[in-house]
Amino acid sequence: DLAQDLAQAWGLAVHQGKTLAMLSTGSRRKVALVGLLASGATVTCLDQPYAALDAASVRVLREFLTDVAEHPRRSWVVADYEADARLPWRRVVALD
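What you see is a predicted model, and the numbers here were worked out from it, not measured in a lab.

(A) Summary view of the layout of surface pockets. Taken as a whole, the largest pocket holds about 850 Å³ of empty space. Around the largest pocket, the lining comprises 28 residues; the ones closest to its centre are Trp76, Val77, Val78, Trp89 and Arg91. Taken together, the elements giving at least two residues each to the lining of the largest pocket come down to α3 (55-68) and β2 (75-79). Looking at which element gives the most residues to the lining of the largest pocket, the answer is β2, with 5 residues. Its residues assigned to classes, the lining of the largest pocket comprises 17 nonpolar, 3 polar and 8 charged. Of the voids in this model, the second largest pocket is the one considered here, and its volume is about 220 Å³. Surrounding the second largest pocket, Ala7, Gln8, Leu12, Ala13, His15, Gln16, Lys18, Thr19, Leu20, Leu23, Val31 and Val34 form its lining. Elements with a minimum of two residues in the lining of the second largest pocket: α1 (2-9) and α2 (25-38). The residue inventory of the lining of the second largest pocket, partitioned by class, reads 7 nonpolar, 4 polar and 1 charged.

The following block contains the structure:
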């Protein structure tokens, strides 16, 4: 199951049973990302997806986005100040 794989990759198992208010900003962000990434939605919008994440968590997210870049039924819209050069963008729109 994708949600469980992501939760494990981000080390969220230690937080089971806690409320969101008990989690750090980074852990809350990971919980939200698990829900978004595992939702199966046709279009998923991520606003500053690396915010509040440590380097290891950014790598997990970057690997996920690279793996799903060519998914035939899912699109990803990522809003950030700068496009991550390590991701296989199909299109980059710069708003000046």
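We are not done yet, so read on.
(B) Structural view of the packing of aromatic side chains. Applying the stated criterion across every chain, the model contains 1 aromatic pair. Relative to Trp76, the ring of Phe64 has its centre 5.5 Å away and its plane inclined at 90°; by these criteria the two rings are edge-to-face. On the criterion of sequence distance, the pair formed by Phe64 in helix α3 and Trp76 in strand β2 is long-range, its members being 12 residues apart.

(C) Spatial organisation of the nonpolar core. Ranked by size, the top nonpolar core spans 17 residues in total, and within it Leu6, Trp10, Leu37, Leu61, Phe64, Leu65 and Trp76 carry the most contacts. Secondary-structure elements contributing two or more residues to this core are α2 and α3. Top contributing element to this core by residue count: α3, with 6 residues. Leaving out residues up to four positions away in the same chain, Leu6 has contacts with Val34, Leu37, Val60 and Phe64.

(D) A look at the packing of α1 against α2. At a minimum axis separation of 9 Å, α1 and α2 run at an interaxial angle of 150°. It follows from the interaxial angle that α1 and α2 lie roughly antiparallel. Two packed elements cross with a definite hand, and for α1 against α2 that hand is right-handed. Judged by residue contacts, Leu2, Ala3, Leu6 and Ala7 of α1 engage Val34, Leu37 and Ala38 from α2. Broken down by class, the residue content of the contact of α1 with α2 amounts to 7 nonpolar, no polar and no charged.

Reading the values: rules and limits
Along every chain, residues carry numbers that run from 1 in the direction the sequence is written. Only residues with pLDDT of 70 or above have their local features reported here, since the model is predicted, and side-chain atom pairs are shown and tallied only from 80 upward, although totals for entire chains, interfaces and linings are computed over all residues. Computation of side-chain values: all heavy atoms of the structure, hydrogens and water removed. Grid points spaced at 1 Å over the protein atoms alone were grouped into cavities, where a 1.4 Å probe fits but cannot get out, and pockets, open sets with protein on both sides within 12 Å along at least five of seven lines, with lining residues defined by an atom within 4 Å of a point. Grid points are joined across faces, edges and corners, and a volume is the space filled by probe spheres set on the points. Helix numbers and strand numbers start at the N terminus; a helix is a DSSP run of H or I with at least 4 residues, a strand a run of E with at least 2. Charged means Asp, Glu, Lys or Arg here, nonpolar means Ala, Val, Leu, Ile, Met, Phe, Trp, Tyr, Cys or Pro, and polar covers whatever is left, Gly included. For Phe, Tyr and Trp, where Trp contributes only its six-membered ring, two rings pair if their centres lie within 6.5 Å, and the inter-plane angle classes them as stacked under 30 degrees, edge-to-face over 60, or tilted in between. Buried Ala, Val, Leu, Ile, Met, Phe, Trp, Tyr and Cys residues that are joined via side-chain atoms within 4.5 Å together make up what is termed a nonpolar core. With a 1.4 Å probe rolled over the protein chains alone, any residue whose accessible area is under 20% of its type maximum counts as buried; one over 50% counts as exposed, and the rest are partly exposed. Contact between two residues is taken to exist if any of their heavy atoms lie within 4.5 Å; hydrogens are not considered. For helices, the fitted axis covers only the stretch in contact; all axes are lines through C-alpha atoms, and the angles between them, taken along N-to-C directions, range from 0 to 180 degrees. Every angle not falling under 35 degrees, over 145, or within 65 to 115 is termed oblique; those three ranges are roughly parallel, roughly antiparallel and roughly perpendicular. In this scheme the crossing of two helices becomes right-handed for a clockwise turn of the near helix relative to the far one and left-handed for an anticlockwise turn of less than a right angle.

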